[in-house]
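One-letter residues, chain by chain:
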Amino acid sequence: MPQTSARGIVILTGAGTSRESGLHTFRDPDGIWSRVRLEDVATPEAFERDPARVHGFYNARRRALLSDDIGPNPAHRALARLEAEWPGEVLLVTQNIDNLHERAGSKNLVHMHGEILSARCLRCGVAGPWSADMNLETPCPACGQAGGRLGALRVDVVWFGEMPMAMDRILTALEACELFVSIGTSGSVYPAAGFVQDVRERGRAHTVELNLEPSEGHSLFAERHYGPASRVVPEFVDRLLRDGLGGTS
Ligand code: BJW
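A brief report on the enclosed structure follows. (Residues numbered from 1 in each chain as written. Predicted model: local features only at pLDDT ≥ 70, side-chain atom pairs only at ≥ 80, totals over all residues. Heavy atoms only, no water.)

For the rest of this paragraph, the subject is the packing of aromatic side chains. In the structure shown here, the tally under the stated rule is 6 aromatic pairs. Note on Trp-33 and Phe-57: the rings are 6.4 Å apart at their centroids and 20° apart in plane angle, and the pair reads as stacked. Pair noted here: Trp-33 is in the loop between helix 1 (16-19) and helix 2 (38-41) and Phe-57 is in helix 4 (residues 51-65), with a separation of 24 residues, a long-range link. Phe-57 sits in the buried class, given a relative accessible area of 13%. Seen from their ring centres, Phe-47 and Trp-159 are 5.5 Å apart, and the 35° between their planes marks the pair as tilted. Of the two residues, Phe-47 is situated in helix 3 (residues 44-49) and Trp-159 in the loop between strand 6 (153-157) and helix 7 (167-176); the sequence distance between them amounts to 112 residues. Relative accessible area serves as the criterion here: at 3%, Trp-159 is assigned to the buried category. (Phe/Tyr/Trp six-rings, centres within 6.5 Å; stacked < 30°, edge-to-face > 60°. Helix = DSSP H or I, 4+ residues; strand = E, 2+ residues; numbered from the N terminus. Buried < 20%, exposed > 50% of the residue type's maximum accessible area, 1.4 Å probe, protein only.)

Below is the structure:
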């Protein structure tokens, strides 16, 4: 497991980071939860009740992500540049299930809420890349099984009540980092919403919020900048690479 070195940075991103790429957030007035109830599509119980509906919800979002007009924006690119040019480790922890950070060039990346371009078999547990629609008849490419009430495959994302991914790696990096930056997230879903408190309790890392507007936990951050991610993230990264940690206020 890679260790965060001295001067390590942990970046947490949320749906606001991808908004200007054309993907919807969840809790803004035009967000995903204004059109569909999360209890109907983003819980294990919803999948048990109506797997076809859950497949339909993720099939539509997967097709949107793969359309030609969706791509990384300046915020994704600035974070990839930070990872490439910063002398210590930069761990990017995203709550987003899209692949826009990878497409911008980020490599040290954890998808704590999973990936929409991955499918997991309910029978053999194997997860792998997936870019097509999924339905109840789709066989598992690993074990070949198909059928049953729930079908063989599910989208490889983390629903409410499920354990987020790579938590050990994330908590280790949060413990060791000297800078924690939260970008484009409302701070309403745990455990991600609690990372700033985890970092503060250690008392060593500087904490920064970059968002369109103050998040639920905004007062916990020592430094805050508000505006669209495509502007505030490149500005922040430019300053960090120019002035180092001493340049953060
Ligand atoms: C811009 C912008 C622009 C707009 N530029 N910014 C009571 C207390 C505490 C916890 C719980 C509780 N009851 C239940 C829980 C646990 C539950 C939870 O947190 N519930 C809350 C609702 C209270 N959490 C869970 O169940 C998690 N698992 C868990 O806790 O396991 C147990 C555990 C125990 C111990 C340790 C660790 C774990 C799992 C959560 C799974 C969340 N899944 C989803 C769906 C994933 C798949 C999918 O995408 O469909 O993840 S829900 C959804 O919310 C999605 C997101 O990743 C997540 C966070 O949303 P995000 O990214 O913050 O988006 P928004 O829309 O909320 O905010 C966008 C922000 O961007 C806004 O602030 C805008 O202003 C801003 N913005 N445009 C910059 N241009």
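Here the focus is the side chain of Asp-156. Counting through the fold element by element, Asp-156 comes out in strand 6. A residue is classified by how much of its surface remains accessible, and Asp-156, at 9% relative accessible area, is buried.

Following both chains from N to C, one finds helix 7 and helix 8 (residues 195-202) inclined at 40°, their axes separated by 9 Å at the closest point. Here helix 7 lies oblique to helix 8, going by the angle between them. For the pair helix 7 and helix 8, the sense of crossing is right-handed. Contacts between helix 7 and helix 8 involve Met-167, Ile-170, Leu-171, Leu-174, Glu-175 and Ala-176 on the former and, on the latter, Phe-195, Asp-198, Val-199 and Arg-202. Looking at side-chain class alone, the contact of helix 7 with helix 8 contains 7 nonpolar, no polar and 3 charged residues. (Axes fitted to C-alpha atoms, helices over the stretch in contact; angles between N-to-C directions. Parallel < 35°, antiparallel > 145°, perpendicular 65-115°, else oblique. Left-handed = near helix turned anticlockwise from the far one by under 90°. Contact = heavy atoms within 4.5 Å. Nonpolar A, V, L, I, M, F, W, Y, C, P; charged D, E, K, R; others polar.)

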